[in-house]
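Take a look at the letters that make up each chain.
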Amino acid sequence: MEAIRFEVEGLLNSFRVPFFRTYHKTFLAPPKTTIIGFLCNIALKSQKEFFEILNQELIDVSVIIDEINGKTKDLWSYKTLEKGNMGKSVIRRDKLFLSKYTIYLSIKNKTLFDEIYSALKNPKNTPALGLDDELILIKNVTIIDALVLNPTNRINSVFLNKAYSYKAFIKDPTQPLELPTPNLTPIKFNAFDKKGMRISKEVKEEYPQVEFINCEIELQNVTSYIDKEKENKMVFY
């Protein structure tokens, strides 16, 4: 299986979990929509192309959480129409400190594959993952054709739980640990009408994103792959 593998590293990043309104809770890893949005940004693709890539499943992703050095919070001021607070409101946001990820891309269209690979090597826009000011480093971009079927049922990648049965195994009890935590995330949207006009987006498909640190997951009856060079075992979604 051919894929693009690259690493990203951020200082302070936040990947907002939808449906939390009183504060911005963060995923531990960027969800698929965030990754596709980042790729479209550095490749200078339009908003319409972003939704087409998602809805047509032109890019499958797999994310490995390599390291998160801590968590913090900030307060974000934003404009509001409510008069009681002088047109401003403040919300608390979770932040991840010094987070590092290995990301794999399986791209079904050859032209799109080449465009994304070129943009990762030489971004056409400032790379940010999360909000626009949450800049990242892109490192070690490579094309690999050595992904093979995983001979075990165990993975160390984030996955979407599509009614799967799974078990968690702690790798090192002396190291920081995050047990598998599911948070619902949308992956497909209705964003354009039949005439191609932009409308308020509606979620078309969503699943819990399950993420963890210092664990391996035994996932039954799901196709997974192994990158022998980095000893990563992953599923794509």
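Our structure is the block above this text.
Source: prediction; values computed, not measured. Position numbers for residues count from 1 along each chain, tracking the sequence in the order it is written. In keeping with the model being predicted, local features are shown solely for residues with a pLDDT of at least 70 and side-chain atom pairs are shown and tallied solely at 80 or more, while totals for entire chains, interfaces and linings include all residues. Hydrogens and water molecules were not included; the side-chain quantities draw on all heavy atoms of the structure.

Colleague: Help me out: how do you make sense of the pattern of salt bridges in this one?
Modeller: Proximity of charged atoms lets side chains of opposite charge pair with each other. Between Lys or Arg on one side and Asp or Glu on the other, a salt bridge is scored when a side-chain nitrogen of the former is within 4 Å of a carboxyl oxygen of the latter. Taken as a whole, this structure holds 19 salt bridges when the rule is applied. Across the salt bridge formed by Glu57 and Lys188, the nearest N and O atoms sit 2.7 Å from each other. Within this pair, whereas Glu57 is found in the loop between α2 (47-55) and β3 (59-79), its partner Lys188 is found in strand β10 (residues 178-192), the two being separated by 131 residues in sequence. Residues Lys108 and Asp60 are paired through a salt bridge, measuring 2.8 Å at the closest nitrogen-oxygen approach. Separated by 48 residues along the polypeptide, Lys108 in the loop between β4 (88-107) and α3 (110-121) and Asp60 in strand β3 bring together distant segments of the chain. Overlapping salt bridges, with partners in common, bring together Asp74, Arg93, Lys95 and Glu134 in one network. A run of H or I in DSSP becomes a helix once it reaches four residues, and a run of E becomes a strand once it reaches two; helices and strands are each numbered from the N terminus.

Colleague: Can you help me understand unusual backbone geometry in this one?
Modeller: Its identity as a non-glycine residue notwithstanding, Leu44 has a phi of 60 degrees, on the positive side. Within the element layout of this structure, Leu44 appears in the loop between α1 (32-42) and α2. Residue exposure (1.4 Å probe, protein chains only): buried if accessible area is under 20% of the type maximum, exposed if over 50%, otherwise partly exposed. The class for Leu44 is exposed, based on a relative accessible area of 55%. If you check the backbone angles, Asn214 has positive phi at about 65 degrees while not being a glycine. One can find Asn214 in the loop between β11 (198-213) and β12 (215-219). Among the residues examined, Asn214 registers a relative accessible area of 16% and is labelled buried.

Colleague: Is there a simple way to think about the layout of surface pockets in this case?
Modeller: Gaps between atoms show up when a probe of the same size as a water molecule is rolled over them. There is about 1000 Å³ of room inside the largest pocket. What lines the largest pocket is a set of 35 residues, among which Thr33, Thr34, Phe50, Gly130 and Lys201 lie closest to the centre. Those elements that provide at least two residues to the lining of the largest pocket are α1, α2, β10 and β11. No other element matches α1, which puts 6 residues into the lining of the largest pocket. Polarity classes work like this: nonpolar for Ala, Val, Leu, Ile, Met, Phe, Trp, Tyr, Cys and Pro, charged for Asp, Glu, Lys and Arg, and polar for all others, with Gly in that last group. For the lining of the largest pocket, the class distribution of residues is 17 nonpolar, 11 polar and 7 charged. Grid points spaced at 1 Å and placed over the protein atoms alone form the basis of the search, with a cavity being a set where a 1.4 Å probe fits but cannot get out and a pocket an open set showing protein on both sides within 12 Å along at least five of seven lines. Lining residues have an atom within 4 Å of a point. Grid points are joined across faces, edges and corners, and a volume is the space filled by probe spheres set on the points. By volume, the second largest pocket amounts to about 440 Å³.

Colleague: What exactly am I supposed to notice about the sheet that holds strand β8 (residues 159-160) here?
Modeller: Any two strands with at least two DSSP bridges between them are considered paired. The 3 strands are arranged β8-β11-β10 in an open sheet whose pairing can be described as antiparallel. Only two strands of the sheet have a single neighbouring strand rather than two, namely β8 and β10. Pairing geometry for β8 and β11, over 2 bridges, is antiparallel. Residue pairing in the sheet places Leu160 in a bridge with Gln209 of β11. Here α2 sits on the sheet in contact with β10 and β11, set at roughly 120 degrees to β10. The contact rule is simple, with two residues in contact once any of their heavy atoms fall within 4.5 Å. Fitted lines through C-alpha atoms serve as axes, helices being fitted only where they are in contact, and the angles separating the N-to-C directions of these axes extend from 0 to 180 degrees.

Colleague: Mind showing me how you'd approach the packing of aromatic side chains here?
Modeller: Each aromatic ring pair is summarised here by two numbers: the centre-to-centre distance and the angle between the ring planes. Two rings from Phe, Tyr or Trp (for Trp, the six-membered ring) form a pair when their centres are within 6.5 Å of each other. A pair whose planes differ by under 30 degrees is stacked, one over 60 is edge-to-face, and the rest are tilted. Counted according to the given criterion, the structure contains 7 aromatic pairs. When the centroid spacing of 6.3 Å and the interplanar angle of 35 degrees are considered together, the rings of Phe6 and Phe38 count as tilted. Taken as a pair, Phe6 in strand β1 (residues 3-13) and Phe38 in helix α1 lie far apart in primary sequence, 32 residues in all. By the burial criterion, Phe6 is buried, and Phe38 matches it. Here the aromatic cluster, defined as three or more aromatic residues joined through ring pairs, consists of Phe50, Phe51, Phe189 and Phe192. Across the ring face of Phe192, the terminal group of Lys48 is positioned such that the distance to the ring centre comes to 5.8 Å. Positioned over the ring face of Phe169 is Arg154, at 3.7 Å from the centre of the ring. Only when the NZ of Lys or the CZ of Arg is both within 6 Å of the ring centre and within 35 degrees of the ring normal is a charge said to sit over the ring.

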